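A structural walkthrough
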Amino acid sequence: MRYRKITAFLASLTVLCGLCSCGKSGTSSDNDSVVSGTTAASTETASSDSGNADNATEGTTSASQESSSEAGAADSTEASTSADIEVTTEAATTSAPSGGDAPTTITKNPDGGSSQTTTEPPTEATTEAPTEDKAEYTAKIKLGSTASSSGDNVTIDGSTVKITGSGVYHISGSASQGQIIVSIGTDAATEDKIKLVLDGITLSNSNGPAIFIDRAKRCTLELVDGTVSTLKDGGSDLVNDGAVFSNDTLRIKGNGTLNITSGNAHGIASHDDFILESGNVNITSVKSGVFAHDDISIEGGTLNVKGGTNGLKSEGTVTVKGGKTVVSSGTKKNDFSVYNLKGFVYSGGTLIAAGNQIKTVSSTATPYAIATISDSAEAGKKFTASVDGKEIASVTPHASFKTVIVLAPTIKEGSTMTVDIDGEKKDFTMSNGFNELKIG
């Protein structure tokens, strides 16, 4: 009985041990589940940290390690500490878009924190888009039996060129029977922008003006440096009566030469003003060399005129401000070397003009002289004026002459003017204002 009790006790103890063993095994499984969950959370956290680090830094090494034991967890902690101490050597650099923020470098510090450095991107050389060069000319025109043009506002009809818009027009070539017409309409907005650049042209028109400026509030003829341009007209047009004819203000400038021959009437005719700014202009005409309904103004350059009737004729004023002007005119009673209705003003430059008559100067700051010859001097005899032994001007008239006017800045009160007509000389002492030098 006692044996059976002992046996039963031992059996019960065995069962109990078995149950205890199963309980321990279940606990271990639960513990494994907890460790595994902790590791997963650690791994997720490490992954998240790594992901965040990846967003800021490329190449950062994740030190989080999975472990199913406390020793594994310790190893993971040690590795994580090691990673905190390690300084990221390759910073994540994100190129900022144009106009955006500068790229940022994030560096882990040993104390577990981090610092960020903003690196300004290298300044890129700014290259501006090249500005298109504005065309030097609105159009380039080549004269000929059939003219040609490249550009705007030009129409061609055989050897006739018509310019219909404001701008700068380069003209070259030659035509023995042609014409340049400028007509830009009646719009007041187009009143000021016409320039014809004459580059050594030769142009004749037997039926009217070689250059006809029908409408252009202001037109400039610019003579290309070192070139010689030649214009000639013909016919019997009593309205458009100049080899160069303009209904509006006409200006000449440049450092070239312009030779004009008029077979109809005037060399240059303007229904408005005529202005010589610069250039060398030589005119031979059957009537007046230069005729203007308003004013004639000589500011510079050289002007040589051989007029069949008058030399310079203005229904307004004649103003001489500079340059050198040499004029001879016709022999008829009413032919003047210089004629004006509203005034003859002198302020600079040199002018010598020979003819049958001359208008006196209405305003001058220096003395001037008019030589009057009792008997007409013959055509071709050279008239020379000198001041204190230095020649200042001379003219060889193409027709017989009775008067010669001399204007020059070197004429002073008390100076001696010597007049030489083909070798015959006479001296005069100058006083202020008008001085009449009687010869013969």
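Here the structure is a predicted model, which is why all the values come from computation and not from measurement.

Reading the values: rules and limits
Residues numbered from 1 in each chain as written. Predicted model: local features only at pLDDT ≥ 70, side-chain atom pairs only at ≥ 80, totals over all residues. Heavy atoms only, no water. Buried < 20%, exposed > 50% of the residue type's maximum accessible area, 1.4 Å probe, protein only. Helix = DSSP H or I, 4+ residues; strand = E, 2+ residues; numbered from the N terminus. Pairing = 2+ DSSP bridges. Salt bridge = Lys/Arg side-chain N within 4 Å of Asp/Glu carboxyl O.

1. Points about the pairing of strand S9 (residues 194–198)
The buried count for S9 comes to four of five residues, which makes it a mostly enclosed element. Where strand S7 (residues 167–175) and S9 come together, five bridges link them in parallel fashion. Considered in S9, the bridge of Val168 is made with Lys195. Pairing of S9 with strand S12 (residues 218–223), which is carried by five bridges, proceeds in the parallel orientation. Paired with Leu198 across the strands is Leu223, a residue of S12.

2. A look at the pattern of salt bridges
Counted according to the given criterion, the structure contains four salt bridges. Residue Glu277 is joined to Arg251 by a salt bridge in which the shortest nitrogen-to-oxygen separation is 2.8 Å. Of the two residues, Glu277 is situated in the loop between strand S18 (274–276) and strand S19 (280–285) and Arg251 in strand S15 (residues 249–254); the sequence distance between them amounts to 26 residues. Note on Glu277: relative accessible area 29%, which makes it partly exposed. Among the residues examined, Arg251 registers a relative accessible area of 17% and is labelled buried. Across the salt bridge formed by Arg251 and Glu299, the nearest N and O atoms sit 3.9 Å from each other. Residue Arg251 is located in strand S15, and its partner Glu299 is located in the loop between strand S21 (296–298) and strand S22 (302–307); the two are separated by 48 residues in the primary sequence. The exposure class of Glu299 is partly exposed, given its relative accessible area of 31%.

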